[in-house]
Amino acid sequence: MNQKSIPYGFQTIEEDDIAAVVEVLKSDYLTTGPKVGEFETALSNYVETKHAVAVNSGTSALDMAVGALELEAGSEIITTPFTFVASANCALYNNCKPVFADIDKRTYNIDPNQIRKKITKKTKAIIYVDYAGQPCSIDEIKEIAQEHDLYLIEDACHALGAEYKGKKIGSFADMTVFSFHPVKHITTGEGGAVTTNNEEFYQKLKLLRNHGIDKTPGERVGYGYDMKMLGRNYRITDFQCALGISQLKKMDLFLKRRKEIAKVYNDELKGIFGVMTPYVAPTVRHAWHLYPVLVDKKITTRDTFFERMRANAIGVNVHYIPIYRFTYYSRFGFKSADYPNTEDISSSIVSLPMFPKLTDRELECVVEAVRKSLVK
Ligand SMILES: *Cc1c(COP(=O)(O)O)cnc(C)c1O
């Protein structure tokens, strides 16, 4: 088969996106210009949150969000092991310890009851991830945070446009993190942002994006600028922000198409034996970053299914390998047996192609390949 394979995720870039970028390239500001603020305003309006700070990646956004908490070294941050590595690495960057809590078997999101079991005197924050675009049990997580005086960071890299109990994701946690990598809902090439309603965190995030530099001279340095926190250079360029502004205008169309695709999969796969479609909680509006299915081990192994799909030119993927399984994480001594749900789900899950440009014809090919791949 020489046919180009269908990827699991892909950007939608149109002529108006390109024109918006080119316009900035011809202007005076490639970086730290007016497009950054414009993009931040558009994003904060979209997610109905007071402030947004745009940066060069979702990973940088996570690092800054943890940094803005200014936690003591050795503080523990509870998160899910069933996510991209950046959700836990951000604790390590800030001299904190990631602590994993097992996931819920139906939503694949962190289980609030498991969070409770992991709380110690050193626990200072929870980073919850809206897996595949489905918001977590936010009310339950907030209740735990209030009881134990913990900060909340929402890793919403999958969940731009998602809703929980009728309200957009963006302001439930102290800070919410988004990514604009090409496979995500909108793209700036590389890029990310933190949104918050908290004025103090907002000021710190702006410092952390730019070396911790404050342009208003402090008491210690009477002229020029002062450096107040240990920040890095996480700035995003103006041409990236121009792309972001252009992309954000199409968010509703993008979401609509993702939802349509999910419906086709739900309807078509229902009749196929050996594959389980994703559960959607009644309290959420799913943003469908991913469309993950579970393969029934009694029919075929996930790995065989995966190979067969790839042989049929369908670019399936596994989201995710549990973080505690990675070589770097072996030093922390996490035990797979402590995360039975994560083990079970991660060993049978496969992401099918899901992106707005996926055509009806391609969708048919994916469904047909699933059918053919589910034999003993
Ligand atoms: C994509 C992603 C990130 C990191 O975003 P980048 O922009 O690639 O740095 C973090 N967490 C999750 C859950 C993601 O999917």
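Just so you know, these numbers come straight off a predicted model, no measurement behind them.

Parameters at a glance
Residues numbered from 1 in each chain as written. Predicted model: local features only at pLDDT ≥ 70, side-chain atom pairs only at ≥ 80, totals over all residues. Heavy atoms only, no water. Pairing = 2+ DSSP bridges. Helix = DSSP H or I, 4+ residues; strand = E, 2+ residues; numbered from the N terminus. Axes fitted to C-alpha atoms, helices over the stretch in contact; angles between N-to-C directions. Buried < 20%, exposed > 50% of the residue type's maximum accessible area, 1.4 Å probe, protein only. Contact = heavy atoms within 4.5 Å. Near = heavy atom within 4 Å. Polar contact = N/O pair within 3.5 Å; in protein donor to acceptor, adjacent residues only side chain to side chain. Areas by Shrake-Rupley, 256 points an atom, 1.4 Å probe, with all protein chains shown as cover. Nonpolar A, V, L, I, M, F, W, Y, C, P; charged D, E, K, R; others polar. Parallel < 35°, antiparallel > 145°, perpendicular 65-115°, else oblique. Left-handed = near helix turned anticlockwise from the far one by under 90°. Phe/Tyr/Trp six-rings, centres within 6.5 Å; stacked < 30°, edge-to-face > 60°.

1. Considering the sheet that holds strand 5 (residues 151-155)
One open sheet holds the seven strands; their spatial order is 1-9-8-5-4-2-3, and the pairing between them is mixed. Because the sheet does not close on itself, it has two edges, and the strands there are strand 1 (51-55) and strand 3 (97-100). On average, each strand axis in the sheet is inclined to that of its neighbour by 25°, with strand direction left out of account. Pairing between strand 5 and strand 8 (residues 175-179): three bridges, direction parallel. Looking across to strand 8, one finds that Glu154 is bridged to Thr176.

2. Brief notes about unusual backbone geometry
The omega angle of the peptide bond from His319 to Tyr320 is 15°, so this bond is cis rather than trans. Inspection of the secondary structure assignment puts Tyr320 in the loop between helix 10 (302-311) and helix 11 (340-346). For Ala132, which is not a glycine, the phi torsion comes out positive at approximately 65°. In this model, Ala313 sits at a positive phi of 65°, which is unusual for a non-glycine residue. Given a relative accessible area of 8%, Ala313 falls into the buried group.

3. Here we look at the environment of Asp130
Take Asp130: it is sitting in the loop between strand 4 (123-129) and helix 6 (138-148). For the pair formed by Asp130 and Val370, sequence separation is 240 residues and the distance between their alpha carbons is 26 Å. Excluding anything up to four places from it in sequence, Asp130 contacts Asn109, Pro135, Cys136, Glu154, Asp155, Ala156, His158, Ala159 and Ile169.

4. Things to note about the site of the ligand
Around the ligand, a shell composed of 16 residues is seen, among which Gly58, Thr59, His158, Ser179 and Lys184 lie nearest. Between the ligand and the protein, one listed contact pairs an oxygen atom with a side-chain N or O atom of His158 at 2.8 Å. Contact between the ligand and Lys184: an oxygen atom at 3.0 Å from a side-chain N or O atom of the residue. Considering the ligand on its own, with 380 Å² of exposed area, one finds that the protein chains cover 92% of that surface. The set of elements that each furnish at least two residues to the shell around the ligand consists of helix 3 (58-69) and helix 4 (86-93). The biggest single contributor to the shell around the ligand is helix 3, with three residues. For the shell around the ligand, the per-class residue count stands at six nonpolar, eight polar and two charged.

5. A closer look at the packing of helix 1 (residues 15-25) against helix 8 (residues 238-248)
Axis separation between helix 1 and helix 8 bottoms out at 8 Å; the angle between their running directions is 150°. By the angle class used here, helix 1 and helix 8 are roughly antiparallel. Pair helix 1 / helix 8 crosses with right-handed handedness. On helix 8, the residues that touch Asp16, Asp17, Ala20, Val21, Val24 and Leu25 of helix 1 are Asp238, Phe239, Ala242, Leu243, Ser246 and Gln247. For the contact of helix 1 with helix 8, the residue count by class is seven nonpolar, two polar and three charged.

6. Some thoughts on the packing of aromatic side chains
Under the defined criterion, the tally for this structure stands at 20 aromatic pairs. Each ring, one from Phe82 and one from Tyr108, has its centre 6.4 Å from the other, and the planes form 80°; the classification is edge-to-face. A residue pair is termed long-range when its members are at least 10 positions apart, and Phe82 in the loop between strand 2 (76-79) and helix 4 and Tyr108 in the loop between strand 3 and helix 5 (112-118) qualify at 26 residues. Residue Tyr108 is classed as buried on the basis of its relative accessible area, which comes to 4%.

7. Quick look at the side chain of Thr12
Relative to the helices and strands, Thr12 resides in the segment before helix 1. According to the relative accessible area criterion, Thr12 is buried, its value standing at 10%. For Thr12, the residues in contact, after removing those within four places along its chain, are Asp17, Gln247, Phe254, Pro356 and Lys357.

8. Structural notes on the sheet that holds strand 12 (residues 275-276)
Strand pairs in the sheet, formed through backbone hydrogen bonds, run parallel or antiparallel to each other. Here we have three strands laid out as an open sheet, ordered 12-14-15, and antiparallel in their pairing. The strands lining the two open edges of the sheet, one partner per strand, are strand 12 and strand 15 (349-352). Relative to strand 14 (residues 291-295), strand 12 runs antiparallel, the two being bridged by two bridges. Bridge pairing in strand 14 links Val275 to Val295.

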